[in-house]
Amino acid sequence: MMLERNEELKELAIKEIKAHRETVEGDHYRSRYHLMPPVGLLNDPNGFIQWKGVYHVFFQWMPFSTEHGAKFWGHYSSTDLVHWELAPTALTPGDWYDKNGCYSGSAISHEDKMLLFYTGNVKDEAGNRETYQCLAESTDGIHFDKKGVILDLPEGYTAHFRDPKVWQHLDKWYMVIGTQNLAEEGRVVLLESSDLKNWELKGDVTASGHQEVGSFGYMWECPDLFELDGTDVLLFSPQGLEPEGDLYQNVYQTGYLTGQLDYKEGKLSHGSFRELDRGFEFYAPQTTLDENGRRLLIGWMGVPEQGEDHHPTREHKWIHMLTIPRELHYVNDKLIQRPVPELQALRHERVEKTASLSNEKIEWTEMNGTVYELLLHLKKIDGSFSIHFRNHASMIFDSEEQKLTFMRVSFIDGKEESRSCSIAEVRELRFYVDASSIEVFVNGGEEVFTSRIFPNKSDDSLVFKAVGEVLFEAIKWKFK
Ligand code: FRU
């Protein structure tokens, strides 16, 4: 009976894709480098894994509207991290324990199967929430059999208890879950299992109010805990932080703590929180260790409740996308994010220029475009240097203030708005400019700015401007 409901939901999603294909595909804001929903709303990346050689990225998906709701798990797969194919819908909210959404979670490989762990979201008529951690299995990486609930809500936490991330350490399995306690403080809990079905709660790995984070929000979403270059990293998305100078400017944040996880005690000893991205739209990222031993990350290029109603793509029946895949490293006490080198396969028609600017601007029409990769080597910046995209967004480095700023025209009120970070030196800027987004990697990934932009269709200008003296080299590749 219930199987029928899941099958029915899958059919309805396919119909929805077909019914709106032309409207969706007809949008000039559709992306080339990034994964998007085929229709409807996409949010968190889920179940990121390389399994039997093939990369899989699932995503939180509402096929029937551009609003949040009872989420499906949409599914993309790829052999090279560059070319992706939409696979059949992996999970649908058709059972009593996930009827209001198959919420975020993760994937592992086990005994020749791919296993998905996710949160079943349930709401009653009065809006009361229930939460169940659930399991689904696949033998082919395409079709998933739901196995039902493996964990009920433990005592001491509210029903905001979700987003299981599972990994193996020595001979045991571990799971982190994002939650809040009854005093409405954010935390991440750790669970342990020998068989992936029975899970023992070890307690809070860390939490708001603990160690150097101090009082730190009312809910922590989408945790991920992994070892990287000799340290343990806890990545999560806290909610409820107040802006502090350049920090915490978005409605909700994403960042990390580093230190050592004591598996026996279930505690992470760590330093202070760092934001992972400096741009406007970045949330709920997830990592995986691929078959080459690389730690890869993909994030949601969106933030919950941050102007979502104003995205112009909604007119075309879709909203949001994922970031490009990035490779993570831990260098000088900091996470470094680099675009995966596989993306170089998309480089096409190289244009190279060198310029020495003195209180002037320059535009080379061969550099203009709407979808391209741009790499700048900055040899000298004495004053301020800015790069202006489509008369809509710009990146500015001020060498006196040692400040790097991304500016854009707001899609809410048309006014200029900015995000900044302090940085002593900018030697390299790598931009992935897409029809409606920009990702900027600074000095090989020391800082990253990820944002959506919605410029005029007909404007493809790219202008470089110096106030003072600037010497740089620019290389641009069109998207292939
Ligand atoms: C984060 C999040 C998760 C939840 C999912 C629901 O954006 O709120 O905590 O599982 O989205 O779509």
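So, a few notes on the structure that sits alongside this text. (Residues numbered from 1 in each chain as written. Predicted model: local features only at pLDDT ≥ 70, side-chain atom pairs only at ≥ 80, totals over all residues. Heavy atoms only, no water.)

The subject of this paragraph is the overall build of the protein chain. When helices and strands are tallied, the protein chain shows 1 helix and 32 strands. Here the C-alpha atoms of the protein chain give a radius of gyration of 22 Å, agreeing with the 23 Å that 2.2 N^0.38 yields for 480 residues. Dimensions of the protein chain along its principal axes, counting C-alpha atoms only, are 70 × 50 × 45 Å. Sequence-distant contacts in the protein chain: of pairs separated by 6 or more residues, those separated by 24 or more amount to 58%. Where the 51 positive side-chain charges of the protein chain centre and where its 78 negative ones centre are 4 Å apart. (Helix = DSSP H or I, 4+ residues; strand = E, 2+ residues; numbered from the N terminus. Rg over C-alpha atoms; globule rule 2.2 N^0.38 Å. Contact = heavy atoms within 4.5 Å. Lys, Arg positive; Asp, Glu negative; His and termini not counted. Charge placed at Lys NZ, Arg CZ, Asp CG, Glu CD.)

Turning our attention to the side chain of Thr-405. Residue position: Thr-405 is located in strand β27 (residues 403-409). Judged by its relative accessible area of 14%, Thr-405 is buried. A polar atom in the side chain of Thr-405 sits 2.8 Å from the side chain of Ser-420. Not counting chain neighbours up to four residues away, the residues in contact with Thr-405 comprise Ser-394, Met-395, Ile-396, Ser-418, Arg-419 and Ser-420. (Buried < 20%, exposed > 50% of the residue type's maximum accessible area, 1.4 Å probe, protein only. Polar contact = N/O pair within 3.5 Å; in protein donor to acceptor, adjacent residues only side chain to side chain.)

Now for the site of the ligand. Inspection of the region around the ligand gives Asn-43, Asp-44, Gln-60, Lys-71, Tyr-103, Ser-104, Arg-162, Asp-163, Glu-221, Tyr-283 and Trp-300 as its neighbouring residues. Notes on the ligand: free accessible area 320 Å², of which the protein chains cover 92%. At the level of elements, β1 (40-51), β5 (102-110) and β9 (157-169) are the ones that each hand at least two residues to the shell around the ligand. Here the shell around the ligand is built from residues that sort into 3 nonpolar, 3 polar and 5 charged. (Near = heavy atom within 4 Å. Areas by Shrake-Rupley, 256 points an atom, 1.4 Å probe, with all protein chains shown as cover. Nonpolar A, V, L, I, M, F, W, Y, C, P; charged D, E, K, R; others polar.)

Okay, the sheet that holds strand β3 (residues 72-78) next. If you trace the 5 strands from one edge of the open sheet to the other, you get β4-β3-β2-β1-β20, paired in mixed fashion. Each of the sheet's edge strands pairs with one partner strand only, and the pair in question is β4 (85-86) and β20 (318-319). As defined by bridge partners, β3 adjoins β4 across 2 bridges and the pair is classed as antiparallel. Pairing of Ser-77 across the sheet is with Glu-85, part of β4. (Pairing = 2+ DSSP bridges.)

Now for the pairing of strand β32 (residues 462-479). Burial within β32 is extensive, with 13 of its 18 residues counted as buried. Of the pairings in the sheet, the one linking strand β24 (residues 361-362) to β32 comprises 2 bridges and is antiparallel in character. The residue of β32 that forms the bridge with Lys-361 is Lys-465. When strand β25 (residues 372-389) meets β32, the two strands line up antiparallel, connected through 17 bridges. Considered in β32, the bridge of Lys-380 is made with Leu-471.

Judged by pairing direction, the sheet is antiparallel, and its 4 strands sit side by side in the order β9-β10-β11-β12 without closing on themselves. The outermost strands of the open sheet, each flanked by one partner alone, are β9 and β12 (200-207). Direction aside, neighbouring strands of the sheet carry axes that sit 25° apart on average. Judged from the 8 bridges that link them, strand β10 (residues 172-181) and strand β11 (residues 186-193) form a sheet pairing that is antiparallel. (Axes fitted to C-alpha atoms, helices over the stretch in contact; angles between N-to-C directions.)

This next bit is on the nonpolar core. In terms of nonpolar packing, the biggest core is built from 44 residues, with Tyr-33, Val-57, Trp-61, Leu-81 and Trp-84 touching the most fellow members. Sorting the residues of this core by element identifies α1 (2-25), β1, β2 (54-62), β3, β18 (283-289) and β19 (295-300) as the ones contributing at least two each. In contact with Trp-84, not counting residues within four places along its chain, are Leu-35, Tyr-55, Val-57, Tyr-76, Ser-77 and Ser-78. One finds Phe-280, Leu-429, Ile-438 and Ala-474 within the second-largest nonpolar core, a separate group that totals 36 residues. (Core = buried A, V, L, I, M, F, W, Y, C linked by side-chain atoms within 4.5 Å.)

All right, on to the side chain of Gln-50 then. Here Gln-50 shows up in strand β1. Residue contacts for Gln-50: discarding those within four places in its chain leaves Tyr-55, Thr-288, Asp-290, Glu-291 and Asn-292.

Moving on, we get to the pattern of salt bridges. For the structure on display, the rule yields 31 salt bridges. When the shortest N-O distance is used, the salt bridge between Arg-187 and Asp-204 registers 3.1 Å. Here Arg-187 is found in strand β11, whereas its partner Asp-204 is found in strand β12, with 17 residues between them in sequence. Residue Arg-187 shares its accessibility class with Asp-204, and that shared class is buried. For Arg-408, the salt bridge identified is with Glu-281, shortest N-O distance 2.8 Å. Of this pair, Arg-408 sits in strand β27 while Glu-281 sits in the loop between β17 (274-275) and β18; the two residues are 127 residues apart in sequence, bridging distant segments of the chain. On the basis of relative accessibility, which here comes to 3%, the residue Arg-408 falls in the buried class. In this structure, a network of salt bridges that share partners links the residues Asp-290, Arg-294, Glu-327 and Glu-342. (Salt bridge = Lys/Arg side-chain N within 4 Å of Asp/Glu carboxyl O.)

Read these as geometric descriptors, not functional statements.
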